Amino acid sequence: MKHRGFPGLLLGMALFVLPASLLTSCQTEGEYSVWPCRFDYNNMIHQDPTLATAMNAASRGVFCKIWDSGMYFSFQNNQNMSSQQTKTEEERRANFVLGVNNGIIVGYQTFNTSPNGGFVAYDAQCPNCVRKADNYVNPKFPLTMSTSGIATCGKCGKKYDMNNGGIIQNGEEGDVGLEKYLASSTEPLGFLSVGTKR
């Protein structure tokens, strides 16, 4: 009687464990972009007020676009604040890569608050236009940000919810959400790190 129940127990365990493990692998595989990105910024040194708004966990839904302006880093949030900070010598030597075409967006989303407490980093280009044009070298499909946390492509009009993992709101079959990078923040006047999964 023990032998008859044992195979059934194993089968039941396999059915219980296998789908959970498959679900986990599906959730994590492809979650982060392989597009080039490497940016480390010490806001304890610069104390940039625009960036600080997006690095504040108490200000969920505030997102900041960051791009390289030569001798400066430029910041613009979705609440109409903007600023520039002169690069330090160390930052000039670092040769940071700000996404696929000189732009990333960071902030605390209001939904999907894990991991990292909901702190996210997105590429600032429309991922569907980049793929459609097959142009990963110098794509020019920038996103604009609304105060409500919606990023919109000026070319195709697709809209992405930055407060909910960058999911697409008005896509067609085969369309994808925003490209996400690994990101961490140590709060408003702290350290920001954004990069491609290694």
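Structure: see above.
Report follows, based on the coordinates. (Residues numbered from 1 in each chain as written. Predicted model: local features only at pLDDT ≥ 70, side-chain atom pairs only at ≥ 80, totals over all residues. Heavy atoms only, no water.)

Turning to the overall build of the chain, a few remarks are in order. On a plain count of helices and strands, the chain comes out with five helices and twelve strands. In the chain, which comprises 198 residues, the proportion classed as buried is 41%. Of the contacts formed within the chain by residues at least 6 apart in sequence, a portion of 58% connects residues at least 24 apart. For the chain, the computed accessible surface area is about 10,900 Å², with 56% contributed by carbon and sulfur atoms. (Helix = DSSP H or I, 4+ residues; strand = E, 2+ residues; numbered from the N terminus. Buried < 20%, exposed > 50% of the residue type's maximum accessible area, 1.4 Å probe, protein only. Contact = heavy atoms within 4.5 Å. Areas by Shrake-Rupley, 256 points an atom, 1.4 Å probe, with all protein chains shown as cover.)

Right, let's talk about the pattern of salt bridges for a bit. Scanning the entire structure with this criterion turns up six salt bridges. Arg-92 is the partner of Glu-89 in a salt bridge, and the nearest nitrogen-oxygen pair spans 2.7 Å. Of this pair, Glu-89 and Arg-92 both sit in helix 4 (residues 89-94), separated by three residues, roughly a single helical turn. Judged by its relative accessible area of 31%, Arg-92 is partly exposed. (Salt bridge = Lys/Arg side-chain N within 4 Å of Asp/Glu carboxyl O.)

Attention shifts here to the sheet that holds strand 10 (residues 167-168). The strand order across the open sheet formed by four strands is 7-8-9-10, and the pairing between neighbours is antiparallel. Each edge of the open sheet is held by one strand with a lone partner, namely strand 7 (143-145) and strand 10. In terms of strand pairing, strand 7 meets strand 8 (residues 150-153) through three bridges, oriented antiparallel. Pairing of Met-145 across the sheet is with Ala-151, part of strand 8. (Pairing = 2+ DSSP bridges.)

We now examine the side chain of Asn-43. In this fold, Asn-43 is placed in helix 2 (residues 43-46). Of the polar contacts made by the side chain of Asn-43, one reaches the backbone oxygen of Pro-188; its length is 3.0 Å. Dropping the residues within four chain positions of it, Asn-43 is found in contact with Asp-48, Leu-51, Ala-52, Met-55, Pro-188, Leu-189 and Gly-190. (Polar contact = N/O pair within 3.5 Å; in protein donor to acceptor, adjacent residues only side chain to side chain.)

As a rule of thumb, nonpolar side chains are buried together in soluble globular proteins. Ranked by size, the top nonpolar core spans 38 residues in total, and within it Phe-39, Leu-51, Ile-66, Ile-104, Val-106, Leu-192 and Val-194 carry the most contacts. What Ile-104 contacts, discounting residues up to four positions off in sequence, is Cys-37, Phe-39, Cys-64, Lys-65, Ile-66, Leu-98, Gly-99, Tyr-122, Ala-124, Tyr-181 and Val-194. (Core = buried A, V, L, I, M, F, W, Y, C linked by side-chain atoms within 4.5 Å.)

Attention now moves to the environment of Phe-191. Tracing the chain through its elements places Phe-191 in strand 12 (residues 191-195). You can call Phe-191 partly exposed: its relative accessible area is 35%. When the C-alpha atoms of Phe-191 and Ile-45 are compared, they prove to be 9.3 Å apart, with 146 residues separating the residues in sequence. Not counting the four nearest positions on each side in its chain, Phe-191 is found in contact with Asp-40, Tyr-41, Asn-42, Met-55, Ser-184, Ser-185 and Thr-186.

So, about the packing of aromatic side chains. Enumeration according to the criterion identifies seven aromatic pairs in this entry. Taking 5.3 Å as the distance between ring centres and 75° as the angle between the ring planes, the aromatic pair formed by Phe-39 and Phe-96 counts as edge-to-face. With Phe-39 in strand 1 (residues 38-42) and Phe-96 in the loop between helix 4 and strand 5 (104-108), the pair connects residues that are 57 residues apart, well separated along the chain. Residue Phe-39 is classed as buried on the basis of its relative accessible area, which comes to 0%. With relative accessibility at 17%, the residue Phe-96 sits in the buried group. A cation over a ring is seen here: Lys-65 above Trp-67, with NZ or CZ 5.4 Å from the ring centre. (Phe/Tyr/Trp six-rings, centres within 6.5 Å; stacked < 30°, edge-to-face > 60°. Lys NZ or Arg CZ within 6 Å of the ring centre and 35° of its normal.)

The next point concerns the sheet that holds strand 5. Pairing within the open sheet is antiparallel, and its eight strands lie in the order 1-12-11-6-5-2-3-4. A strand with exactly one partner marks an edge of an open sheet, and here the two such strands are strand 1 and strand 4 (82-86). Going across the sheet, the axis of each strand differs from the next one's by a mean of 20°, ignoring polarity. (Axes fitted to C-alpha atoms, helices over the stretch in contact; angles between N-to-C directions.)

Just distances and angles here, no functional claims.
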